[in-house]
Amino acid sequence: MKELVEYIARSIVDDPEQVNVTEGYGDGVVLNLHVAPDDMGKVIGKQGRIATAIRALLKVAAIKQGVRVTLNIE
Amino acid sequence: MDELEVGAKTVDEAVQQALTELGLDKTEADIEIISRGKAGIFGFGSEEARVKVRRRTLSATGDVTPDVTPDVAPEDVTPLGKEVLEQLLTLMNITATVDIRENTDQPDDKVLDVSGEDLGILIGRRGDTLSSLQYVVNLITSRKLRVNAGVTLDVEHYRERRYESLRSLAQRTADEVKSTARSISLEPMPSNERRIVHITLRDDSEVATQSVGHGEGRKVVISPGSAP
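Reading the values: rules and limits
- Residues numbered from 1 in each chain as written.
- Chains lettered and ligands numbered in written order.
- Predicted model: local features only at pLDDT ≥ 70, side-chain atom pairs only at ≥ 80, totals over all residues.
- Heavy atoms only, no water.
- Helix = DSSP H or I, 4+ residues; strand = E, 2+ residues; numbered from the N terminus.
- Buried < 20%, exposed > 50% of the residue type's maximum accessible area, 1.4 Å probe, protein only.
- Contact = heavy atoms within 4.5 Å.
- Areas by Shrake-Rupley, 256 points an atom, 1.4 Å probe, with all protein chains shown as cover.
- Buried area = accessible area lost by both parts, 1.4 Å probe.
- Salt bridge = Lys/Arg side-chain N within 4 Å of Asp/Glu carboxyl O.
- Polar contact = N/O pair within 3.5 Å; in protein donor to acceptor, adjacent residues only side chain to side chain.

## What about the overall build of chain B?
Item 1. Counting its secondary structure elements, chain B contains six helices and nine strands.
Item 2. In chain B, which comprises 228 residues, the share counted as buried stands at 38%.
Item 3. Across chain B, contacts joining residues at least 24 apart in sequence account for 58% of those joining residues at least 6 apart.

See the structure below:
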């Protein structure tokens, strides 16, 4: 799941080297996506459209693994 | 003059030309892409883009902005889109095969067809997950090629079947509108599905279709009589 978020984020930002995903545990798996400040808009999108799409795909991966997942973008 | 068909090198150019000729702003017109055209190599084998632009008749109520039309899809978009999609599926732990097939709705257009077992999870409610997947594939592909990729995805022929039932729904509802002479609004649908309804009834001069409402609640209204 971490790799999925990394792949998508690195593919759509201007500065892929600053993409970093850390994994934590809260209510299921918690993924924290860090990107360069200028790239925030690239991973969130207008009205959060991109973030929503990433979360939808992440949910599929989570269901396949039988876990719950939350994605924070910071 | 309320309607004009124009051919040019690109869709954008054709639209611009038609709008200028009709003296309309983009917000006052309905734009239909007849052919997206092909770039060809050094001008060989190129095909011009054709669009039909119509003056929009404004209704007193509701939002009348046109539904989203897909952007130009050059030859190399589909293979790259396929690679991106396969990569995403692998990372999602989904075992599936991706094939490129002809789009039955738009000749000259390709669809990335995902098949495998238990793929309902990839479709989601009202095709939401499928739309997200398509959106992300296009985002990544566009970024890599620096064009607006308009790749279409389908999972287990979901879209194909859905579009088929939408066509018959549109037809049945239009018949009812004609016999009762009253407008009927369909359930809210995503833009690609509303587009199918508009296209299905476009040549029927006895009914008119229009999308009204916002966001999730946007739906098609079928009313008697065509737009003047």
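## Concerning the overall build of chain A
Item 1. Along the backbone of chain A there are three helices and three strands.
Item 2. Taken from the N to the C terminus, the helices and strands of chain A come in the order α-β-β-α-α-β.
Item 3. Of the roughly 3,900 Å² of accessible surface on chain A, 47% is carried by carbon and sulfur atoms.

## Some remarks on the interface of chain B and chain A
Item 1. The partner chain A presents 19 residues to the 18 residues of chain B that form the contact.
Item 2. Buried area between chain B and chain A, both sides added, is near 1,800 Å², and the carbon and sulfur share of it is 74%.
Item 3. Viewed at the interface, chain A and chain B are joined by one salt bridge.
Item 4. R143 of chain B is the partner of D14 of chain A in a salt bridge, and the nearest nitrogen-oxygen pair spans 2.5 Å.
Item 5. For the pair chain B and chain A, the interface holds two residue pairs in polar contact (both at pLDDT 80 or more).

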